[in-house]
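# Overview (structure and organization)
Residue-level listing of the chains:
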Amino acid sequence: MTAQILDGNDIAQKEMQTIKQSVEERQRQGLRAPGLAVILVGNDPASKLYVQKKRNACHAVGFHSQAHDYPADLPEDTLLNKIDELNDSAHIDGILVQLPLPSHISTEKVLERIAPHKDVDGFHPYNLGKLAQNQPGLRPCTPCGIMTLLSHTSVNLQGAQACMVGASRIVGRPMALELLNHEATISICHRFTKDVPYHVSKADILIVAVGQPQLVKGDWIKPGAVVIDVGINRLTDGRIVGDVDFEQAKSRAAWLTPVPGGVGPMTVVSLLKNTLMAAN
Ligand code: NAD
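A few points on the structure. (Residues numbered from 1 in each chain as written. Predicted model: local features only at pLDDT ≥ 70, side-chain atom pairs only at ≥ 80, totals over all residues. Heavy atoms only, no water.)

## Points about the site of the ligand
Around the ligand, 22 residues are found, and the nearest of them are A167, S168, R191, I232 and T267. In the environment of the ligand, an oxygen atom lies 3.0 Å from a nitrogen or oxygen atom belonging to the backbone of I232. Contact with the protein chains covers 75% of the free accessible surface of the ligand, which is 860 Å². The element best represented in the shell around the ligand is helix α10 (residues 263–279), accounting for three residues. Taken together, the residues that form the shell around the ligand break down as 11 nonpolar, 10 polar and one charged. (Near = heavy atom within 4 Å. Polar contact = N/O pair within 3.5 Å; in protein donor to acceptor, adjacent residues only side chain to side chain. Areas by Shrake-Rupley, 256 points an atom, 1.4 Å probe, with all protein chains shown as cover. Helix = DSSP H or I, 4+ residues; strand = E, 2+ residues; numbered from the N terminus. Nonpolar A, V, L, I, M, F, W, Y, C, P; charged D, E, K, R; others polar.)

Next comes the structure, spelled out in C-alpha cells:
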C-alpha cells in the first residue's frame, strides 16, 4: 500500500480563498474586515516564525491585523491591561497570545483574561467547556484543522477506532474531544501509557502530537489507517521531521500528512476561520 498524501498547503490555500471571499462579501455589505490582534512576548525564534505566518495569512485574506510585540521582561499586569483594552476594542474580533509565555507570566491568568467571544485560539475554559459539551463555539485551532483534513479522506468517523498519542491542552485533549463529538471511539496515550504501540496498532485513525522525532514506527500502524502527524521536530542536520517515521508509514497507511506541509498550514487557516466566525 502507498499512502495518499494529505496536502495541508493545498487544502489550506483553498480554504483561504473561501475566507477571502467571505471578507469581500462582508465589505460589500458595508461591514469592516475582521480584525485579529496577535501578541508576542519575548524573542523565541519559533514563536516569532509562527506569529509571522499568522500575520501574513491575515493579510492574504484581507483581515485587519494588529501586531503587539513586547520584550521578554514585560510585566504581567501590562499584558493583562493590554488584553482588557483589546477586549473593549470595536476593531478587534480576535485576540491571540502566542505561547509559551515567559515563566514570570501566568498562562492561565492571561488565557482567562481574553473575552471568550474573542478567544480565537479556543483555549479559554469557557470555549473548552463548550467543546466538551459538543456545543458550538470557538474551537482550538490545530484539532479544528485536523478535522478539516479528515473530511478530505474517505474515513467514516462514526464508530471508528481512533488513537490520540499525546494529551496536551492545546492538541491532544481537544483533539480527543473533537473525535468523540464525531462519535469515534478513542484511546488517548501519554508519557505514562504502558504500551503505546498496542494502542496505535488498533487505530483506524491515528493522530500523533508528542514532539519526539519519528517516535511512531511504520510497523506499529494498522494497515489502511489514516495517520495525522502533528509533531514538528528539527534534527541536528537542520531537517524538519514529524513524530511519525514518514517513509515507513507511507507503505502502511491509506492517508498520511507530511511534515512540514500537513497540519501546520491547517492550524493557521483555522485561526482565520475562528476570527471570521468571531467577527460574524
Ligand atoms: P506537549 O509537550 O505539550 O505534550 C506532549 C504530550 O506527549 C504529553 O501529553 C506527553 O504526556 C506525551 N508524551 C510524551 N512522550 C510520550 C511518549 N513517549 N509516548 C506517548 N506520549 C508521550 O506538546 P504539544 O504542545 O502538544 O506539541 C506536540 C508536538 O506538536 C510538538 O512537536 C509541537 O511542535 C507540535 N505542534 C504542532 C502544531 C502544528 O500546527 N503543526 C501545533 C501544536 C503543536
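On we go.
## Details of the side chain of S89
Within the secondary structure, S89 sits in the loop between α3 (76–88) and β4 (94–97). Looking at S89, its side chain comes within polar contact range of the main-chain nitrogen of H91, at 3.1 Å.

## Examining the packing of helix α2 (residues 45–61) against α10
With their axes 10 Å apart at the nearest point, α2 and α10 run at an angle of 55° to one another. Taken together, the axis directions place α2 and α10 in an arrangement best described as oblique. The two elements α2 and α10 cross, and the hand of that crossing is right-handed. Facing K53, K54, A57, C58 and V61 of α2, the residues of α10 in contact are V268, L271 and L272. Of the residues contributing to the contact of α2 with α10, the split by class is six nonpolar, no polar and two charged. (Axes fitted to C-alpha atoms, helices over the stretch in contact; angles between N-to-C directions. Parallel < 35°, antiparallel > 145°, perpendicular 65-115°, else oblique. Left-handed = near helix turned anticlockwise from the far one by under 90°. Contact = heavy atoms within 4.5 Å.)

## What to know about the environment of T2
Summarising the element assignment, T2 is placed in the segment before β1 (4–5). Between the C-alpha atom of T2 and that of K250, which follows or precedes it by 248 residues, the distance is 5.6 Å. Setting aside chain neighbours within four positions, we find T2 in contact with K250 and A253.

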